[in-house]
Amino acid sequence: MADTELDALQYQGLGYEHLIRHEIDKAKLNLIRSSKLSSGNDSYCAYVESELANCLYYEKKYSKAIIKYKRALLYNPDFSNAYNGWGSSLSNIGKFDEAIEKFDKALELSPELTLSRMNIVLALFLKKNEAEALERFEKIKAGAD
């Protein structure tokens, strides 16, 4: 592995560490550095774009985050976490039906993604569809969904 790829991975890791500590500016700086060094590797680029989208999400810039999630999916159309983030952003701007579609797509790609299941329940509650939300939640609890 070339030094630039190792550097890209190192910046990617630093970006993620800062993101989980909610040090958004530091996270973005390191993720952008990683992106510049990644040499167009689709898996790196998809991850970095998705993490940059997460930064925007945490800043409550949901429309901008959606653009980044879409960009991540251009690099890797099977990236379930990007669909989940896209759905969460849509839910936060009140587009619940579209959000549920994205969560369903994330689950189609990664059936074990419990976060998407719970996000569907939340979107249904926010949509004021309590009965279906409770039904889905009971299925999750029972391990049937």
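Our structure's up above, just so we're on the same page.
Summary of the structure given here.

Cut-offs applied
- Residues numbered from 1 in each chain as written.
- Predicted model: local features only at pLDDT ≥ 70, side-chain atom pairs only at ≥ 80, totals over all residues.
- Heavy atoms only, no water.
- Axes fitted to C-alpha atoms, helices over the stretch in contact; angles between N-to-C directions.
- Helix = DSSP H or I, 4+ residues; strand = E, 2+ residues; numbered from the N terminus.
- Parallel < 35°, antiparallel > 145°, perpendicular 65-115°, else oblique.
- Left-handed = near helix turned anticlockwise from the far one by under 90°.
- Contact = heavy atoms within 4.5 Å.
- Nonpolar A, V, L, I, M, F, W, Y, C, P; charged D, E, K, R; others polar.
- Salt bridge = Lys/Arg side-chain N within 4 Å of Asp/Glu carboxyl O.
- Buried < 20%, exposed > 50% of the residue type's maximum accessible area, 1.4 Å probe, protein only.
- Core = buried A, V, L, I, M, F, W, Y, C linked by side-chain atoms within 4.5 Å.
- Phe/Tyr/Trp six-rings, centres within 6.5 Å; stacked < 30°, edge-to-face > 60°.

**Some words on the packing of helix H5 (residues 80-92) against helix H7 (residues 114-126)**
Stage number 1. Interaxial distance between H5 and H7 falls to 11 Å at its minimum, and their mutual angle equals 15°. Comparing their axes, H7 and H5 come out roughly parallel. Read as a crossing pair, H5 and H7 show a hand that is left-handed. Judged by residue contacts, Asn84, Ser88 and Ser91 of H5 engage Leu115, Ser116, Asn119, Ala123 and Leu126 from H7.
Stage number 2. When the residues that make up the contact of H5 with H7 are grouped by side-chain class, the tally is 3 nonpolar, 5 polar and no charged.

**Quick notes on the pattern of salt bridges**
Think of it this way: side chains of opposite charge can pair up when their charged atoms draw near.
Stage number 1. Taken as a whole, this structure holds 10 salt bridges when the rule is applied.
Stage number 2. Taking the shortest distance from any N to any O, the salt bridge between Arg21 and Glu23 comes out at 3.3 Å.
Stage number 3. Residue Arg21 is classed as partly exposed on the basis of its relative accessible area of 46%.
Stage number 4. Overall, Glu23 belongs to the partly exposed group, its relative accessible area being 28%.
Stage number 5. For Lys105, the salt bridge is made with Glu108, and the minimal N-O distance between the two is 3.3 Å. Here the residue Lys105 and the residue Glu108 both occupy positions in helix H6 (residues 96-109), the gap between them amounting to 3 residues, near one helical turn.

**Regarding the side chain of Asn119**
Stage number 1. Locating Asn119 in the fold gives a position in helix H7.
Stage number 2. Once residues within four sequence positions are removed from consideration, Asn119 is found in contact with Asn84, Ser88 and Phe103.

**A closer look at the nonpolar core**
Stage number 1. Core analysis: the biggest nonpolar cluster contains 26 residues, and Tyr69, Leu73, Phe79, Ala82, Trp86 and Ile120 have the highest contact counts within it.
Stage number 2. Contributions of two or more residues to this core are made by helix H3 (42-58), helix H4 (62-75), H5, H6, H7 and helix H8 (130-142).
Stage number 3. Per-element tally for this core: the top contributor is H6, with 6 residues.
Stage number 4. Leave out the neighbours within four places in its chain, and Tyr69 touches Ser50, Ala53, Asn54, Tyr57, Ala82, Gly85, Trp86 and Ser89.
Stage number 5. By size, the runner-up hydrophobic cluster in this structure holds 7 residues, among which are Leu19, Ile24, Ala27 and Val48.

**Here we look at the packing of aromatic side chains**
Stage number 1. Tallying each qualifying case throughout the model produces 3 aromatic pairs.
Stage number 2. Judged by centre distance (5.9 Å) and plane angle (75°), the ring pair of Tyr57 and Tyr58 falls under edge-to-face.
Stage number 3. For Tyr57, a relative accessible area of 23% gives the class partly exposed.
Stage number 4. Between Tyr83 and Trp86, the ring centres sit 6.1 Å apart and the planes meet at 20°, which makes this aromatic pair stacked. Highlighted residues: Tyr83 and Trp86, both in helix H5, separated by 3 residues, approximately one helical turn. Of the two residues, Tyr83 and Trp86, both sit in the buried class.

**A short note on the packing of helix H2 (residues 24-37) against H3**
Stage number 1. Look at H2 against H3: their axes get within 10 Å of each other, and the N-to-C directions meet at 160°. It follows from the interaxial angle that H2 and H3 lie roughly antiparallel. Crossing of H2 against H3: the hand is left-handed. Facing Ile24, Ala27, Lys28, Leu31, Ile32, Ser34 and Ser35 of H2, the residues of H3 in contact are Val48, Glu49, Glu51, Leu52, Cys55 and Tyr58.
Stage number 2. Looking at the contact of H2 with H3 residue by residue, the classes come out as 8 nonpolar, 2 polar and 3 charged.

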